[in-house]
Amino acid sequence: MRKKINQSLGFFFLSLAVTVTIFFLSVLLYFIFSRGFRIISWEFLTAVPRKAMTQGGVAPAIIGTLYLTLGAIIFSLPIGLACAIYLCEYTPKSFVVNIVRISINNLAGVPSVVFGLFGLAVFVKFLNFGVSILSGSLTLGIMVLPSIISAAQEALLAIPQSYREASLALGATKWQTIKKIVIPSALPGIMTGVILSIGRVAGETAPIMFTAATFYKRGYPKSIFDEVMALPYHIYALMTEGVHPAQQKDIAYGCAFILLIIVLVISAVAVIIRGVQRSKYGLQS
Amino acid sequence: MDYKVRVKVNHVNFFYGRVQSLFDIKCDIYDKMVTSIIGPSGCGKSTLLRLINRMNDLIPHTRIEGQILLDGKDIYNPKVDVVEVRQKVGMVFQKPNPFPKSIFDNVAYGLVVNGLTNRSYLSGKVEKSLKDAALWNEVKDRLGKSALTLSGGQQQRLCIARTLAIEPEVILMDEPASALDPTATLKIEELIQKLKEKYTIVIVTHNMQQAARISDYTAFFMLGKLIEYDLTAKIFRNPSKTITEDYVTGRFG
């Protein structure tokens, strides 16, 4: 009897945790969607802001966020993947390598504003890229590098050793084994890491505050050395600056809505790519 | 015995870190014969097998002393290219481990990584290898399908076909049937009988009836030492050592 009660209690708490999570998630989505959706219009999506941010659209901020996200991924994905491959496949398990791994994991926990300050000091000032798309993308890229490395490492470690052995036993070199067997098999797992990173990059405010973002810019960026508007920073600015708080709040919810949609669409595309990769050869993992 | 020696294991000691797992192993493996290695778990039989195609190179902190000669040349000589050794000494593993690729690509893999990419050459070679591995009739209509859609027994024959495609001289098999059901096991055993016309086969097995059925020579290992190595018939009917007799008659192990 006691065993049964314990079991029901355990099950109850587990399902409670799930219910609470789903509840807050749906409230959040409802809140943003219901408030944000009202203000969305063709003009809001395609026009530049007018009349001290109270009218017009947020197109430059949307474009800016897309640029920054894309730039960060272009920078961090190849480097992150290469790091993970090196750490997993090439370095023997040793004390030093363990320290490197632990450091990378810890780097993932560093507050994003610290990366912002780092970006300001190194990219904006020292390398003299100025407040620009380039500085912001590099800062965001460095911020997500640890999570991409960790995700890729886990995906690589999940590939059975027997695949590597079979490939080597057939006279493949180590590099051929990595290129033709290990990476393709690990791709779905790596994609998962990239998806999560994209969400983070698109939504981060602190790292771009000092390195890339500006509250208001007439028109669109012309080169990677231009500063840009970006959705997360735009939301922050609308809520803290300006002289028309009421209208600005509506626009902020509109921006939040668009940001969510962007992240959802990017994730959906990545999930589809991952699904295709998996089903192509009946991969389970 | 005037058979040609294909692989000569010459006073081999092997260490995992500080632990020695093989002690002064010495034996000749004959050309176009099936040699089985039997012995209790952890006796070093797989370790020896994996030394013959330098698979143990992958395990960190291991060390070998002595020589393993393939056609008279030491494969552990620092000048030897390990990739070439593995092209000459193929391996089939305990659990079927096809790549998550199509059946065709699995068989063609060993050729493609060696720069043979001519499509019609590959097709011919894939067909021949699958026929030699007695799998062609079952898969000829679905070469483009994932290898993971095959049954366990078919997967293992695919792994054998993949090894045959690169035309090795020696094929090492590490308990190739232990993860398979009796019917699939029988097919693998029949296949081994056929393959020995062209290849030298070394097989590690837990199953003593299997060793008795399929092999010409048998090596009995215990605690990292080669206890007895002789014709299979002799090992099973009239072994020289009591401990071998105790093992093959099932008194322990």
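Residues numbered from 1 in each chain as written. Chains lettered and ligands numbered in written order. Predicted model: local features only at pLDDT ≥ 70, side-chain atom pairs only at ≥ 80, totals over all residues. Heavy atoms only, no water.

Chemist: For this particular structure, what's the right way to read the interface of chain A and chain B?
Modeler: Much of the literature gives interface size as the accessible area that the parts lose upon coming together. Residue-level contacts link 21 residues of chain A with 29 residues of chain B. At the boundary of chain A with chain B, total buried surface from both sides reaches about 2000 Å², with 65% on carbon and sulfur atoms. For the pair chain A and chain B, the number of links is one salt bridge. A salt bridge links A:Glu165 to B:Arg50; its shortest N-O distance comes to 2.9 Å. Seen at the junction of chain A and chain B, the total is five residue pairs in polar contact (both at pLDDT 80 or more). For the side of chain A that touches chain B, the secondary structure elements donating two or more residues are helix H7 (161-169) and helix H8 (174-203) of chain A. When residues of the side of chain A that touches chain B are assigned to their parent elements, the largest contribution, eight residues, is made by H7(A). (Contact = heavy atoms within 4.5 Å. Buried area = accessible area lost by both parts, 1.4 Å probe. Salt bridge = Lys/Arg side-chain N within 4 Å of Asp/Glu carboxyl O. Polar contact = N/O pair within 3.5 Å; in protein donor to acceptor, adjacent residues only side chain to side chain. Helix = DSSP H or I, 4+ residues; strand = E, 2+ residues; numbered from the N terminus.)

Chemist: What is the right way to look at the sheet that holds strand E7 (residues 170-174) of chain B in this model?
Modeler: Within a sheet, each strand pairs with its neighbour through backbone hydrogen bonds, oriented either parallel or antiparallel. All names here are of chain B. Taken in spatial order, the six strands line up as E6-E7-E8-E3-E9-E10 in an open sheet, and their pairing is mixed. Each edge of the open sheet is held by one strand with a lone partner, namely strand E6 (89-92) and strand E10 (225-231). On average, adjacent strands in this sheet sit at an angle of 15 degrees to one another, irrespective of strand direction. Pairing of E7 with strand E8 (residues 200-204) involves five bridges; the strand directions are parallel. By the bridge assignment for E8, Leu-172 is matched with Val-202. Running over the sheet, helix H6 (residues 152-165) touches E6 and E7 and is turned about 170 degrees from E6. (Pairing = 2+ DSSP bridges. Axes fitted to C-alpha atoms, helices over the stretch in contact; angles between N-to-C directions.)

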